[in-house]
Structures are given as C-alpha cells and as structure tokens.
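If you want the building blocks of each chain, they are given just below.
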Amino acid sequence: MTEESTTVVILGGTGDLALRKLVPALFTLACKGHLPQGLRVVAFARRDYSDDRYREYMWNGAREIGGLAARRDEWEMFAGNMYYVSGDIDDPHSFDRLKHRLDGLDKGEDGTSNRLYYLSVAPRLFETAVKNIAAAGLANEDNGWRRAVIEKPFGHDLESAQKLNRAVQEVFDEHQVYRIDHYLGKETVQNLLVFRFANAIFEPIWNRNYIDNVQITVAESVSVGDRGGYYDQSGVVRDMVQNHLLQLLTLVAMEPPNVADSESLRNKKVEVMQAIRRPDRGELLRSAVRGQYEGYLGEDGVGEDSMTPTYAAMRLFVDNWRWRDVPFYLRTGKAMADKVSEIVIQFQKPPHSLFQRGPTVDMSSNVLGICLQPDEGVHMKFQVKVPGQGMEMETMDMAFHYDSGFQEESIPEAYERLLQDALAGDASLFIRKDHIEEAWKIVDPLLEAWSDERSTADAPLHAYRPGSWGPTAADDLLSRDGRTWQHVCGSHEANGA
Ligand code: NAD
C-alpha cells in the first residue's frame, strides 16, 4: 500500500450520497486498514460549516450506517482527518479557497500529495466543477496524481454525454477519469467474471449452440419516493437500462480478455456494445414495452400528465459469432413485487425427451441463475428422477450462497471496492468514454421513438399495479417467442407476472 499523502475531495460532501455511502465506505476501509496511511477527506459544499460542525453532521447522519455507532473511537481518529470547505461549484473563487486549504493541509510534508476529486454533485454541475478544478490549478499533477470520479448519470443522451466527455478531457486524460456505475462494485457482479473465466466447464457451452436465451431482471420494490422530480425527467431507461442493465449484459456476453487489466476488460465490453443490433423504428417499438405504475402521477414532483415510464422490458440481440439470434431479455422497474437483481441463463432443451415429467417440472431445459441481490449466489436448475418406480422427473436446485459459503466474510459495499480501486489507480470497474457513448447510442433511438406521439398506438404506456411484476405486455413480449420470464433466485414461487 502506498504511503504517499492522499486526499479525497468530495464535491457535494453534505449530500445524500456522501452521507449514506461515501463517508461510511471510507470509514470502513480505514477500519480495515485498506486506505493509504493518513488519508484525508476534504468535503466541499455550500453550507457554512466548520470542520467540527461537518464531523458532527456526519456522525449524526451516518452513525447507523457502516457500523459507525459501535466504533466511536475509530471514528474519532478517522474524523480527525476530515475537513470542510464551504463554497459554490459555480464560483471559481471557491476553488481558489479549496486549493489554499488543500495546500495548507499538505504543508509540512515533503514529496507527493495525491488527490481524488469525487464529483458527488448534481450532474448539471459536473462540467462546471471540472472547469473550475482546472482553473484553480487543482488538476496539475506536479506533486502527485490527480483523478476524478464522476457520478452517474453521465449525460442524458449521446450528445450531452459527448459534450461532457469533451469538457472532462480538456482537463483530465482518460486514465485520470473514473466514471462510476456502482453496480460494477457489487461483489456478485464481479463474480460474473470469475464464474465465467475461472471455471472451464461453462465457457464451452456459453454460446448460441447451448444457450436459448438470457434474462436480466433488476426489480425495485420501492416507488420513486421523494425523487419524483429527478425521476420524472429521467425515467427508467436513463435511470437503469443505459447503465446497470447494459453493464450486466456486457459482462454476460463479453469475450474472455487475454489478461484482466482494465483496458483489456473494457475493450471486450465495448465490443459487445458495438455488436448490439440496431433495429429499425418499427422493430424497436415491437421489441420493447414501457409501463408506469398506478399512482405515479400523484407522486411529488411528477407532472400530472407525465408519460415517463417507470418500467421497461426489451429484447436485444448481440450480433456476433457467439450470440447471433440469442435473445437477451431485459426488464427493470419501480414499485414491483420484490427487490431482486438476477441474471438467468436458460439453456436449450434436450434434443429428445425420454422421460415422463412430474408435476413440478416447469421446464425441461437447465437454467442457471446468477443472483446479484438479495440471496447473493448462484443457482443451477436441473432434472432429477423422483424416487420410486417409473422414471418421473422433478426440477431441483443446486445452489451456492455467499452467506453460507463465506460465513466469516461480510459482502463489502460497492462503494468500498470502487473507492479503493480509484485510489489504487485501477479503472477496471469504471466506465470508459467509448463505453458510455455506445450505451447512449443503444438507448437513444428507443427514447426518441417513445417520445414521438405517433408511437403511442404502437407502443402504449401500460399501467401496472404497484407490487406486481409489471405490465402483462412484458409477458407477451416473451410469449410471442415461446418463452416466459424466469425467477431463479430468492423466495419466488411463481414465474412471470
Ligand atoms: P444531494 O442533492 O443530496 O447532494 C448534493 C450535494 O451537492 C450537497 O452536498 C449540496 O450541498 C452540494 N451542492 C449542490 N449545489 C452546489 C453548488 N452549487 N455548489 C457546491 N455544492 C453544491 O445529491 P446526492 O443524492 O448526494 O447525489 C450526488 C450525485 O450522486 C448526483 O450526481 C447523483 O446523481 C449521484 N448519485 C446519487 C445516489 C444516491 O444514492 N444518493 C445514487 C447514485 C448516484
């Protein structure tokens, strides 16, 4: 581990993300001894706080999170290295003050002083923040590295993402930029790479010759809550599909890289994005379903006649040798029956059936479930003979669970891993410029088609009941192909909606 002097500067240090995720993650890393010695945290935000007032604010707000409450002594030590600078992102002078403070904190130490700028402010402020960092001379790497972590969403369409990329690259080289999708920091998501590329038995069947279809579900049981204003401008495709679901798809579909360094991994992921089929408008509308939960229009901050979807399901194809014509079904929504994120790989049926099916056999193909949350683990469904005479079969489940497999270990928070990686200069789990732009190229045509009023007849906005599995039109999307949605992980009892 490096002993160089290092500071994490959280722009937006009093916000929800800093309070619930970033500071608890840094504190947990500090307790585990996973941070550079003497790492400082400097929060920058508008409130007129002193260092002590900020430390108290964090303690009061975050003590129930990340085990802070039980670790008051460790917290005191950690908080002693936490500082606060009051300022406005729009005001260049505030950044002069920030620089003055940072330089002052470094005073007395010779040698390097590394800085990680974490942009935890509203996305409309990203560009200004980066410009003002540069204008104050805070991006110079004269005495140590400078890196910028940029939160999501990165742009709201291709054009805005490209503009932001250009602005960022006027200040930072690509190797200094860490665009975040916290899904990639999840242990179970990283396990996808290990599962695929450290087990020789799966790779030979991981292709169109053996796999019938892939299903990716990220369901949230919560409604938009107090985020209605933001959500209504964004909608489910920008909020979930463009980033999390497409990330999961790339990890399932990517070719094995030769080595696990960040560029090799990210090259393979971008190749998947480039291979995703771009259908014409008619096919695009037929391959996607949008829904809005009943009661959404009454949520705070939501327009009274809003057409913003809170649910989306779609079928995509990856046109390459491995995946040609294998459908990838994606679905995600708010106010759904359960909070669950899972990837289901449905293998092809045996070519010839010899045996009688028992009452619980709901499918004769093998199904692999990669459970991202909750119930973190892997399930494999296969047929077994029911004891007794005859050859009746039942579907049984072979399962691995993180909680029983690693009883001593707790699953770290995604932000712990991501912050640690950014501090170590490992960008593998961060999104590269070209990836983010490719992702927008995939979803932009759908967003455009849905925003066109002519599409209402072809692609209606389906109402769905909160607590359901979304509109039945999403079931029809699969049943037209002779398939159904599969649940493999958790306590689900039924398939489909
Ligand atoms: P927030 O509104 O709770 O906090 C924003 C922070 O920025 C506050 O500290 C506020 O004081 C500061 N701020 C706002 N305007 C400022 C200005 N002009 N000058 C200086 N400081 C200013 O937002 P949040 O929920 O913490 O989100 C931060 C970022 O993280 C956003 O980009 C968001 O999209 C992203 N994000 C948040 C979450 C989450 O769970 N909260 C999840 C994913 C992504």
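So, how was this worked out
Residues numbered from 1 in each chain as written. Predicted model: local features only at pLDDT ≥ 70, side-chain atom pairs only at ≥ 80, totals over all residues. Heavy atoms only, no water. Disulfide = S-S within 2.5 Å. Helix = DSSP H or I, 4+ residues; strand = E, 2+ residues; numbered from the N terminus. Buried < 20%, exposed > 50% of the residue type's maximum accessible area, 1.4 Å probe, protein only. Axes fitted to C-alpha atoms, helices over the stretch in contact; angles between N-to-C directions. Parallel < 35°, antiparallel > 145°, perpendicular 65-115°, else oblique. Left-handed = near helix turned anticlockwise from the far one by under 90°. Contact = heavy atoms within 4.5 Å. Nonpolar A, V, L, I, M, F, W, Y, C, P; charged D, E, K, R; others polar. Pairing = 2+ DSSP bridges. Core = buried A, V, L, I, M, F, W, Y, C linked by side-chain atoms within 4.5 Å. Polar contact = N/O pair within 3.5 Å; in protein donor to acceptor, adjacent residues only side chain to side chain.

1. Digging into the state of the cysteines
Then comes step 1: This model, assessed by the stated rule, comprises one disulfide.
Then comes step 2: Residue cysteine 371 pairs covalently with cysteine 489 via a disulfide, S to S 1.9 Å. Because the sign of the S-S torsion sets the handedness, a value of about -80 degrees for the bond joining cysteine 371 and cysteine 489 places this disulfide among the left-handed ones. Here cysteine 371, found in strand 13 (residues 367-373), pairs with cysteine 489, found in the segment after helix 15 (472-479); they are 118 residues apart in sequence, far enough to count as distant.
Then comes step 3: Relative accessible area serves as the criterion here: at 0%, cysteine 371 is assigned to the buried category.

2. Looking at the packing of helix 8 (residues 228-253) against helix 13 (residues 433-451)
Then comes step 1: Orientation of helix 8 relative to helix 13, taken along the N-to-C sense of each, is 130 degrees, at an axis distance of 10 Å. As judged from the angle between their axes, helix 8 and helix 13 are oblique. Relative to helix 13, the crossing made by helix 8 is right-handed. Of the residues in helix 13, those in contact with Val237, Arg238, Val241, Gln242, Leu246, Gln247 and Thr250 of helix 8 are His435, Ile436, Ala439, Trp440, Ile442, Val443, Leu447 and Trp450.

3. With respect to the packing of helix 6 (residues 158-169) against helix 13
Then comes step 1: Remark: helix 6 packs on helix 13, axes separated minimally by 9 Å, with the N-to-C direction vectors making an angle of 165 degrees. In this view, helix 6 runs roughly antiparallel relative to helix 13, as classed from their interaxial angle. Considering only the axes of helix 6 and helix 13, their crossing is left-handed. In this structure, helix 6 contributes Leu158, Ala161, Gln162, Asn165 and Gln169 to the contact, and helix 13 contributes Lys433, Ile436, Glu437, Trp440, Lys441 and Asp444.
Then comes step 2: In the contact of helix 6 with helix 13, the residues fall into four nonpolar, three polar and four charged.

4. What to know about the pairing of strand 10 (residues 328-333)
In regular strands, side chains alternate between the two faces of the sheet.
Then comes step 1: Within strand 10, six of the six residues are buried, leaving the element largely enclosed by the surrounding structure.
Then comes step 2: The alternating pattern of strand 10 places Phe328, Leu330 and Thr332 and Tyr329, Arg331 and Gly333 on opposite faces, both of which are buried.
Then comes step 3: Looking at chain direction, strand 7 (residues 211-219) and strand 10 are connected through six bridges and run parallel. By the bridge assignment, glutamine 215 is partnered in strand 10 with tyrosine 329.
Then comes step 4: Direction of pairing for strand 9 (residues 311-316) relative to strand 10: antiparallel, over a ladder of six bridges. Each residue of the ladder has a partner; that of methionine 314, found in strand 10, is leucine 330.

5. Some words on the nonpolar core
Then comes step 1: Ranked by size, the top nonpolar core spans 153 residues in total, and within it Leu11, Trp75, Leu98, Phe172, Leu249 and Ile343 carry the most contacts.
Then comes step 2: Of all the elements, helix 8 adds the most residues to this core, at 12 residues.
Then comes step 3: Among all residues touching leucine 98, those that are not within four sequence positions of it are Val9, Leu11, Val42, Phe44, Val85 and Leu138.
Then comes step 4: Formed by five residues, the second largest nonpolar core is a distinct cluster that contains Val344, Val367, Cys371 and Val488.

6. Some points on the environment of aspartate 157
Then comes step 1: With respect to the element layout, aspartate 157 can be found in the loop between strand 5 (146-150) and helix 6.
Then comes step 2: Through-space distance from the C-alpha of aspartate 157 to that of phenylalanine 126 is 15 Å; in sequence the pair is 31 residues apart.
Then comes step 3: Here aspartate 157 is in contact with Trp440 and Asp444, once residues within four sequence places are set aside.
Then comes step 4: In terms of polar contacts, aspartate 157 uses its side chain to reach the side chain of serine 160, at 2.7 Å.

These values are about where atoms sit, not about what they do.
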